[in-house]
Amino acid sequence: MRPSRDQAASAGGAALFSCSLGIASVAFPLVALRAGYSVAEVGFLTAVSAVAQMATRFALGWVMRRVGDWVLIVGAGVTLGLSSGLVVMSVAVVPFTIAQLLQGVARACYWTGSQTHVVRGDRRPVGALATINFVSSFGLLVGPVLAGVLIEISAQLALILGAVVACAAIVPALLLDRLPPFQPPADRPPGGIWRRPGVDVGCWAGVSAGAWRGLLGSFVPVALDSARQSSSTVGALVTVANGTALIGAAIVGRVRGQWIGRSFVLGTIAAGGGIGLVVPVAESWPLAAVLLGISGLGAGALQTIGPAIATVAVHPEERGEAIAAAGTFRAAALFGGPLAVSGAVLAFPLTAAMGAIGVLIAVSAAVVRGRGAALVQPS
């Protein structure tokens, strides 16, 4: 079957937005290092973006009851373009910090808006989210390679391209179906939505996926650069992780029944174990590629399974809030992972700090114990 205009616009916009984000994920830390920022400062700047994302997600449940999700998607493209444009103009502390704040806002609005949009149809949540995550991972596959190659010519050129691609993502966003704001039922259960069975599991998946993404966009490029890998090699290795995340998202979209829970466990162990062991082998790009590939497979599965579990556990008119809640936990980990490593490297080697975070991600798979029913629902 041919995709509808709305489905094509969702996929096209996600590919463009994620490509721009992929460029920024490599360009920002490498530009910062070349501008004289320390390893710890790069981690703190990345954490600033995650704090902005987390704070924005807190408010998105309320926002989506007042405006359509397409408004968030359009606004995210504009904001991401401004973020890269600011760093083109200046790498001073204030503009760089503002750019990271804008990037966090853009991430929150786009991923919450786009994921919410695709699960409002009659498709299986896992399948719909797998599609949007697949094309997003494709964009994240291309972006770091472009960044790595262009930075060897000019850092400003890479950032300019990132800004242009972000603005191009606005065009398909304007072609989306204009779905109305959410209207939650009046008799819904009291308390935070993140506490409900199913939504809590989705939030834990978001924690693991967020920590992985935060480290991939901060200390992985730093470790590879410190191991004397070239900018193009750093970009290619980050792309390996994003490429296998694409595969993981595609595979998990076909998973049903008991394999939902098994995919959650295996994905969590793979994401944490792979990212935690990459620093000791950073001087060997083949070994780094293998570990980043394994971690990407796990993270790709988690970023699809988590929101799917959360959305099927609530009323259809509460799906926006459920995705926003899972995304808030993901953003918290996106902030917490780099921040924890930034603090740890002040006293311990980067190898030990990254290894400890990797272990914490992997052991969080224990959260699925006793949650079997919730993990089977999305099939």
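Per an unreviewed UniProt entry, the chain goes by MFS transporter and derives from Kibdelosporangium philippinense.

Let us now look at the nonpolar core. One recurring pattern in soluble globular proteins is that nonpolar side chains are buried together. Within the largest apolar cluster, 100 residues are counted, with the highest numbers of intra-cluster contacts made by Phe17 and Met354. Of all the elements, helix 1 (residues 5–34) adds the most residues to this core, at 13 residues. Dropping the residues within four chain positions of it, phenylalanine 17 is found in contact with Ala76, Gly77, Leu80, Ala106, Arg107, Tyr110, Trp111 and Ala169. Of all hydrophobic cores here, the second largest spans eight residues; its members include Ile193, Ala310, Val314 and Ala322.

In this section: helix 8 (residues 199–216). Between its first and last C-alpha, helix 8 extends 26 Å over 18 residues, near the 26 Å set by a 1.5 Å rise per residue. Burial analysis of helix 8 places 15 of its 18 residues in the buried class, which makes it a mostly covered element.

A few words on the packing of aromatic side chains. On inspection of all chains with the given rule, the structure shows five aromatic pairs. Residues phenylalanine 17 and tyrosine 110 carry aromatic rings whose centres are separated by 4.1 Å and whose planes lie at 5° to one another, so their mutual orientation is stacked. Of the two residues, phenylalanine 17 sits in helix 1 while tyrosine 110 sits in helix 4 (residues 93–118), which places them 93 residues apart along the sequence. Take tyrosine 110: its relative accessible area is 2%, and that puts it in the buried class. Residues tyrosine 37 and phenylalanine 96 carry aromatic rings whose centres are separated by 5.6 Å and whose planes lie at 70° to one another, so their mutual orientation is edge-to-face. Placement of the pair is tyrosine 37 in the loop between helix 1 and helix 2 (39–63) and phenylalanine 96 in helix 4, with a sequence separation of 59 residues. When sorted by exposure, tyrosine 37 lands in the same class as phenylalanine 96, which is buried. Members of the aromatic cluster, connected to one another through ring pairs, are Phe17, Tyr110 and Trp111.

The rules behind each value
Residues numbered from 1 in each chain as written. Predicted model: local features only at pLDDT ≥ 70, side-chain atom pairs only at ≥ 80, totals over all residues. Heavy atoms only, no water. Core = buried A, V, L, I, M, F, W, Y, C linked by side-chain atoms within 4.5 Å. Buried < 20%, exposed > 50% of the residue type's maximum accessible area, 1.4 Å probe, protein only. Helix = DSSP H or I, 4+ residues; strand = E, 2+ residues; numbered from the N terminus. Contact = heavy atoms within 4.5 Å. Expected span 1.5 Å × (residues − 1). Phe/Tyr/Trp six-rings, centres within 6.5 Å; stacked < 30°, edge-to-face > 60°.

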